[in-house]
Amino acid sequence: MIPEKAFERLLGLHECWEVTGAEYESAPVERFFLVIHETAKLWPQLKCPIATCAHPEVVCHEHTEVRVWRHLDAFGKRTEIPCEPPRARCCACRHVWRVPLPWEGEGKHFTRDFEAFALPLMREMPMKKAGDILGEHDTRLWRLLFKPVAKAYAALDLSELAHLGVDEMNCRKGHHYLTVFADLVARRVVYATEGKDHTTFQRFSEELLKHNGHPKAITAVAMDLSQAY
Ligand SMILES: [Zn+2]
């Protein structure tokens, strides 16, 4: 089996995409990269994404500028996928859209497989250390982390929250505080906000209402009886 075909299989690509190059270069950055293009079989598989149209005849409109996705390392070398993502056009309503790529993750710069490896690492250790292991700048990793967190937070259901734990923590040097609210039964943090005064409780109540909870449903609170609160 030629290497390109082997990488197609490893990436789980089907007939719509092909690896046209598997290359290694030592400069300017040492990396291994896989060049991927769509095949002619892609277009008959697509249909217009506009619900009222959904026309099955779709053609290639253009290719956008090359973008690079970081993938899991191969042979311990930084591995990347450069690709010019194709844009499709509906033959009926002429709507144009960027075709989703089978390897792309939630973030802009990483493949789905890379994210599946990086996210648990970020959960287990400080971001700087995860960045050192992954060979990535921590700003790109923070951006990657915020996406799934925002998605999970939007879906958070607090309708069962009745036993609340509240505590403050010092978040930076000096008097910068964070008030953290936790569900003591589910044993998880449900909200955190800057400051440690009564307005933090107002903000928490507003969040509670947005996530199917209600302040009156809370029957027990464990917290410091600080004057500020
Ligand atoms: Zn259409």
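Relevant structure appears above.
None of these values were measured; they are calculated from a predicted model. (Residues numbered from 1 in each chain as written. Predicted model: local features only at pLDDT ≥ 70, side-chain atom pairs only at ≥ 80, totals over all residues. Heavy atoms only, no water.)

**Points about the pairing of strand β8 (residues 163-172)**
Part 1 of the argument: Two elements, β8 and strand β11 (residues 220-222), share 3 bridges in a ladder whose sense is parallel. By the bridge assignment for β11, H163 is matched with A220.
Part 2 of the argument: Hairpin remark: β8 followed by strand β9 (residues 176-183), antiparallel, with 3 residues in the connecting loop; positive phi at G174, about 90°. (Pairing = 2+ DSSP bridges. Helix = DSSP H or I, 4+ residues; strand = E, 2+ residues; numbered from the N terminus.)

**Thoughts on the side chain of E104**
Part 1 of the argument: By the element assignment, E104 lies in the loop between β7 (96-98) and α2 (112-124).
Part 2 of the argument: For E104, the side chain forms a polar contact with the side chain of R98, separated by 3.0 Å.
Part 3 of the argument: There is a polar contact of 2.9 Å between the side chain of E104 and the backbone nitrogen of L101.
Part 4 of the argument: Other than its neighbours up to four places away in sequence, E104 contacts W69, R98, F110 and R112. (Polar contact = N/O pair within 3.5 Å; in protein donor to acceptor, adjacent residues only side chain to side chain. Contact = heavy atoms within 4.5 Å.)

**Structural notes on the layout of surface pockets**
Part 1 of the argument: What the largest pocket holds in volume is close to 630 Å³.
Part 2 of the argument: Taken together, 13 residues make up the lining of the largest pocket; nearest its centre are L145, F146, V149, V189 and A192.
Part 3 of the argument: Counting residues per element, the ones that place at least two in the lining of the largest pocket are α4 (138-154) and β10 (188-194).
Part 4 of the argument: Tallying contributions element by element places α4 first for the lining of the largest pocket, with 7 residues.
Part 5 of the argument: Split into classes, the residues belonging to the lining of the largest pocket amount to 12 nonpolar, no polar and 1 charged.
Part 6 of the argument: Per-domain counts for the lining of the largest pocket show at least three residues from each of domain 2 (111-155) and domain 3 (163-222). (1 Å grid on protein atoms, 1.4 Å probe; cavity = no way out; pocket = protein on both sides within 12 Å on 5 of 7 lines; lining within 4 Å. Points joined across faces, edges and corners; volume = space filled by probe spheres on them. Nonpolar A, V, L, I, M, F, W, Y, C, P; charged D, E, K, R; others polar. Domains from an automatic or database assignment.)

**A closer look at the sheet that holds strand β4 (residues 67-74)**
Part 1 of the argument: Ordered in space as β1-β2-β5-β4, the 4 strands form an open sheet in which the pairing is mixed. Only two strands of the sheet have a single neighbouring strand rather than two, namely β1 (17-25) and β4. For this sheet, the mean angle separating the axes of adjacent strands, direction not counted, is 25°.
Part 2 of the argument: Pairing of β1 with strand β2 (residues 31-38) involves 8 bridges; the strand directions are antiparallel. Within β2, the position partnered with V19 by the bridge is I36.
Part 3 of the argument: Along the sheet face, helix α1 (residues 3-11) touches β1, β2, β4 and β5 (77-83) and points at about 115° away from the line of β1. (Axes fitted to C-alpha atoms, helices over the stretch in contact; angles between N-to-C directions.)

**Considerations on the pattern of salt bridges**
Part 1 of the argument: Tallying each qualifying case throughout the model produces 16 salt bridges.
Part 2 of the argument: We note a salt bridge from E30 to K77, for which the minimum N-O separation is 3.4 Å. Placement of E30 in the loop between β1 and β2 and of K77 in strand β5 is noted, with a sequence separation of 47 residues between them.
Part 3 of the argument: Since its relative accessible area comes to 38%, E30 is described here as partly exposed.
Part 4 of the argument: Exposure remark for K77: the relative accessible area of 29% places this residue in the partly exposed category.
Part 5 of the argument: Shared partners join several salt bridges into a network, and the residues in it are E25, R31, R70, D73, R78, E80, E136 and R140. (Salt bridge = Lys/Arg side-chain N within 4 Å of Asp/Glu carboxyl O. Buried < 20%, exposed > 50% of the residue type's maximum accessible area, 1.4 Å probe, protein only.)

**Details of the nonpolar core**
Part 1 of the argument: In terms of nonpolar packing, the biggest core is built from 24 residues, with W17, I36 and W103 touching the most fellow members.
Part 2 of the argument: Mapped onto this core, the elements with two or more residues apiece are α1, β1, β2, β4, β5 and β6 (86-90).
Part 3 of the argument: With 3 residues, the top contributor of residues to this core is β2.
Part 4 of the argument: Those residues in contact with W17 that lie beyond four places of it in its chain are E8, I36, H37, E38, T39, L42, P86, V99, P100, L101, P102 and W103.
Part 5 of the argument: Residues V166, V190, F204 and L208 belong to the second largest nonpolar core, which totals 11 residues. (Core = buried A, V, L, I, M, F, W, Y, C linked by side-chain atoms within 4.5 Å.)

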